[in-house]
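# Geometric and topological summary
What follows is each chain in one-letter form.
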Amino acid sequence: MIRFLLKGIIRDRSRSFFPGIIVSTGVFITVVMYCWVQGIFNDMFSVTARFQTGHVKVVTRAYHEEEKRLPNDLALLQSDSLSAALQQQYPQIIWKERIRFAGLLDVPDENGETRVQGPVFGMALNLLTRDAFDRKILDLEMTLTAGHMPDNTGEILITEQFAGRLNIQPGDTVTFMGMTMYGSMVMQNLRISGTVKFGISTMDRSTIIVDIETAREMLDMQNAAGEIVGFFRDFIYRNETAADLAGEFNRNYSHSGDEFAPTMLTLVDQGGLREIMSYTRTMMAVMIVIFMFILSVILWNTGLIGGIRRYREIGIRLAMGEPKDKLYFTMIGEAALIGLFGSAIGTVLGLLVAWYLQRYGVDLTGVMKNVNVLLANKLRAQITPVSYFVGFIPGMFAIILGTALSGLGIYKRSTASLFKEFEE
Amino acid sequence: MENKIVELQQVDKAYRMGRHEFLALKKVNLVIEKGEFCGLVGPSGSGKTTLLNIVGTLDTPTAGRAMVLNHGLENLTHRQAARLRSRYIGFIFQTFNLLPVYTVYENVEFPLLLLGRPEPERHKMVMEALESVHLLDKLDNRPAQLSGGESQRVAIARSIVKKPQLVLADEPTANLDAENSHHILRIMRELNSRYNITFLFSTHDEKVISYLRRKISLVDGRIVSDEHLRPEENHATASDL
Ligand SMILES: Nc1ncnc2c1ncn2[C@@H]1O[C@H](COP(=O)(O)OP(=O)(O)OP(=O)(O)O)[C@@H](O)[C@H]1O
Ligand SMILES: [Mg+2]
């Protein structure tokens, strides 16, 4: 009987073709969309973690509350002993002190007068040792477009785009103007050793990368750090683990009264990522469900049309004594089979496209010019284990639901009119 | 009596037409015994199809008692009726109604698939059925590649392949020319005598009537005469062709 039905499906192309196409298209779109969103997330998380938040981060409570203005007056003191303690207590994580700061960058002409000036965002981290972890985490060697890595204090990297705007190159000297940790003015000459390009609009606009000791001296932050960021050793963010660590740390260290007490934040605690993440997850789920129902309705209609085309066949089978239940379930069985193929094809095609998007990405530099989220200019999809069934299951569900609805007509069919129907 | 295939007692069939009821069958009494070759004859609208529907368990009477193959139709569920049909009753329709995506062989095989017969047995029965309608050379043809007469012969093969007790045919020759009509009638009579399958036709075709051994005349939903005939000698059986 199954062979018999299979023959029917294979020979009558319109029985299998349209539902199959519809299912595989739907599944295809779902898979690509899912991998795409997943990839953007992954990218956003990874970029944000590397440049801004770490997988976890320790700051003072007050600093956290005003983080937007980079309040180094609220920095962690005795940061070296704190980071040593963290390293000892949480060896599964690599802890690094960082300072982020803002100010003006002034480029003098030959006479020492201001030629150009622009606001600057500075990131200070451990740069000087060749195998420094931060060099690797930010991929600095790879992003270097001219000059060399800083060798001495007082040397900095500047983004290529910023350097172009200020019309300066490696070897030139610029003046940083800003505030120390204690609120007094700073003017410090810095030598540009090289230019970098991150491929992240927000970062590339006007950033300098400074060795942390240079920054400490400049900003009067001896033995202090704005933040201590931590990374899982394999660089895979695990939200539950991070949340557990932060919870434990905060129970031990964050005394409720002290606004300078260190507090640990996870990646998703920062920059509104948690909201973005849960919002997007919900949206994805809602979209997939809506999509599934649209697909079901389309397939329901396709099923109805198929039912009209097969009206006679169904009649003959009823007359010959095939029970209605059996007929109904063979219809659903056929649909499931078509759905299986359609979903499989849709999934395979979707994964292929997703794989392409994962490998090569889509360059959105133009679009990203005004984007203020930390996101690479080249967006990539990401294939996760979920990708394999995120379209498959809704696809199967949709075709079975659609067929189950359209097939209900079988139960309304009266056998009493069969002879009449077959007179024409 | 063991040999009663069909027994109708005082059977009425009423169709509801809005507020009125229309009696398509009125107090019909009929007994058909195993091996009969009989026809329902009567003008259009006399109730022939209605009666076939009831005998074929496709519909139920509104009054009276109907026994088909020892089952009372009054308390037969849809499922039981379907099983009765699939095991013991074959149908031949006015239009041939083969399944278009399947070959001749597969069309004839279908009733056996429904019964879950094993493959070697199916093959033997299908070949035998196709042989008896002289279609062994068209096994792999699709219905679209057959003439009307050939199609109806496939339909006959399909109706008898499971060796049913009863074959019902509603105007089986209405869409055929004279030559094909004679051909299939000879085949059916041959099957009737070879396998002792009971045939019940509805018809107003004189050619069919000349083959009948029993002619049941209906007028306005009533049986007005019921005669046993001697089929004319000039109709040779299929084996002579
Ligand atoms: N479903 C129905 N609803 C109402 N009336 C019906 C229905 N089916 C049949 N009838 C009526 O019952 C009567 C008998 O119909 P039936 O189809 O049995 O006639 P018939 O003898 O087969 O005619 P024909 O030779 O034209 O096929 C007709 O008057 C017909 O109009
Ligand atoms: Mg009729």
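Read on for an overview of the structure. Note that the structure is predicted; figures quoted are calculated from it, not measured. (Residues numbered from 1 in each chain as written. Chains lettered and ligands numbered in written order. Predicted model: local features only at pLDDT ≥ 70, side-chain atom pairs only at ≥ 80, totals over all residues. Heavy atoms only, no water.)

## Focus: the interface of chain A and chain B
- With 28 residues of chain A at the interface, the matching set in chain B holds 30 residues.
- When the two sides are added together, the surface that chain A and chain B hide from each other amounts to roughly 2900 Å², 62% of it contributed by carbon and sulfur.
- Considering only the surface of chain A that becomes buried against chain B, F4(A), M320(A) and F419(A) emerge as the three largest contributors, covering 30% of it.
- One salt bridge in this structure joins K7(A) and E106(B), with 3.0 Å as the shortest N-O distance.
- Counting the contacts that link chain A with chain B gives 13 residue pairs in polar contact (both at pLDDT 80 or more). (Contact = heavy atoms within 4.5 Å. Buried area = accessible area lost by both parts, 1.4 Å probe. Salt bridge = Lys/Arg side-chain N within 4 Å of Asp/Glu carboxyl O. Polar contact = N/O pair within 3.5 Å; in protein donor to acceptor, adjacent residues only side chain to side chain.)

## Focus on the side chain of T30(A)
Residues and elements named next belong to chain A.
- Tracing the sequence through the fold places T30 in helix 2 (residues 13–53).
- Judged by its relative accessible area of 4%, T30 is buried.
- Contacts of T30, omitting those with residues within four sequence positions, involve I288, F291, V390 and G391. (Helix = DSSP H or I, 4+ residues; strand = E, 2+ residues; numbered from the N terminus. Buried < 20%, exposed > 50% of the residue type's maximum accessible area, 1.4 Å probe, protein only.)

## Considerations on the environment of K34(B)
All names here are of chain B.
- When you line up the elements, K34 lands in the loop between strand 2 (20–33) and strand 3 (37–41).
- By relative accessible area, K34 is classed as partly exposed at 31%.
- Residues K34 and L176 lie 142 residues apart in sequence; the distance between their C-alpha atoms is 28 Å.
- Setting aside residues no more than four positions away along its own chain, K34 makes contact with N3, I5, Q165, N196 and T198.

## What about the sheet that holds strand 5 (residues 71–72) of chain B?
Residues and elements named next belong to chain B.
- The strand order across the open sheet built from four strands is 2-1-4-5, with neighbouring strands paired in antiparallel fashion. The open sheet terminates on both sides in strands that have one partner only, identified here as strand 2 and strand 5.
- In the sheet, strand 1 (residues 4–17) pairs with strand 2 via 10 bridges, with the strands oriented antiparallel. Bridge pairing links K4 to E33 in strand 2.
- Along the sheet, helix 1 (residues 48–55) contacts strand 1, strand 2 and strand 4 (63–68); its crossing angle with strand 1, the most-contacted strand, is approximately 125°. (Pairing = 2+ DSSP bridges. Axes fitted to C-alpha atoms, helices over the stretch in contact; angles between N-to-C directions.)

## Quick notes on the site of ligand 1
Residue and element names in this part refer to chain B.
- As a matter of local geometry, ligand 1 sits amid 16 residues, with S44, G45, K48, T49 and T50 nearest to it.
- A distance of 2.9 Å is found between an oxygen atom of ligand 1 and a backbone nitrogen or oxygen belonging to G45.
- Interatomic distance of 3.0 Å between a backbone N/O atom of G47 and an oxygen atom of ligand 1.
- In the complex, the protein chains occlude 71% of the 630 Å² of accessible area that ligand 1 would expose alone.
- Elements supplying a minimum of two residues to the shell around ligand 1: strand 1, strand 2 and helix 1.
- Taken together, the residues of the shell around ligand 1 sort by class into five nonpolar, seven polar and four charged. (Near = heavy atom within 4 Å. Areas by Shrake-Rupley, 256 points an atom, 1.4 Å probe, with all protein chains shown as cover. Nonpolar A, V, L, I, M, F, W, Y, C, P; charged D, E, K, R; others polar.)

## Topic: the packing of aromatic side chains
- Scanning the entire structure with this criterion turns up 22 aromatic pairs over all chains.
- Ring geometry for F293(A) versus F397(A): centroids 6.3 Å apart, planes at 75°, classification edge-to-face. Of this pair, F293(A) sits in helix 11 (residues 273–309) while F397(A) is found in helix 16 (residues 392–407), placing the two residues 104 residues apart along the sequence.
- The partly exposed category is assigned to F397(A), whose relative accessible area is 38%.
- The rings of F419(A), F422(A), F91(B) and F93(B) are connected pair by pair, giving a single aromatic cluster. (Phe/Tyr/Trp six-rings, centres within 6.5 Å; stacked < 30°, edge-to-face > 60°.)

## Re the environment of I223(B)
Residues and elements named next belong to chain B.
- With respect to the helices, strands and loops of the structure, I223 is situated in strand 10 (residues 222–228).
- Overall, the relative accessible area of 25% leaves I223 in the partly exposed class.
- Measuring from C-alpha to C-alpha, the distance between I223 and V28 comes to 6.4 Å, with 195 residues separating the pair along the chain.
- Aside from chain neighbours lying at most four places away, what touches I223 is V28, N29, L30, I216, S217 and L218.

## Concerning the pairing of strand 8 (residues 198–203) of chain B
Residues and elements named next belong to chain B.
- The element strand 8 is extensively covered by neighbouring structure, given that six of its six residues are classed as buried.
- Side chains of strand 8 alternate between two faces, with T198, L200 and S202 and F199, F201 and T203 buried alike.
- Inspection of the sheet shows strand 3 paired to strand 8 by five bridges, in the parallel sense. Its bridge partner being in strand 8, L40 is matched across the sheet by S202.

## Notes on the pattern of salt bridges
- Inspection of the entire model under this criterion finds 37 salt bridges over all chains.
- Between D205(B) and K207(B) there is a salt bridge, and its shortest N-O distance comes to 3.3 Å.
- Exposure remark for K207(B): the relative accessible area of 23% places this residue in the partly exposed category.
- For R214(B), the salt bridge goes to D226(B), with nearest N and O atoms at 2.8 Å. Residue R214(B) is found in strand 9 (residues 214–219), and its partner D226(B) is found in strand 10; the two are separated by 12 residues along the sequence.
- Of the residues examined, R214(B) reaches a relative accessible area of 5% and is grouped as buried.
- In this structure, a network of salt bridges that share partners links the residues D12(A), R15(A), R309(A), R310(A), E313(A), R317(A), E322(A) and E334(A).

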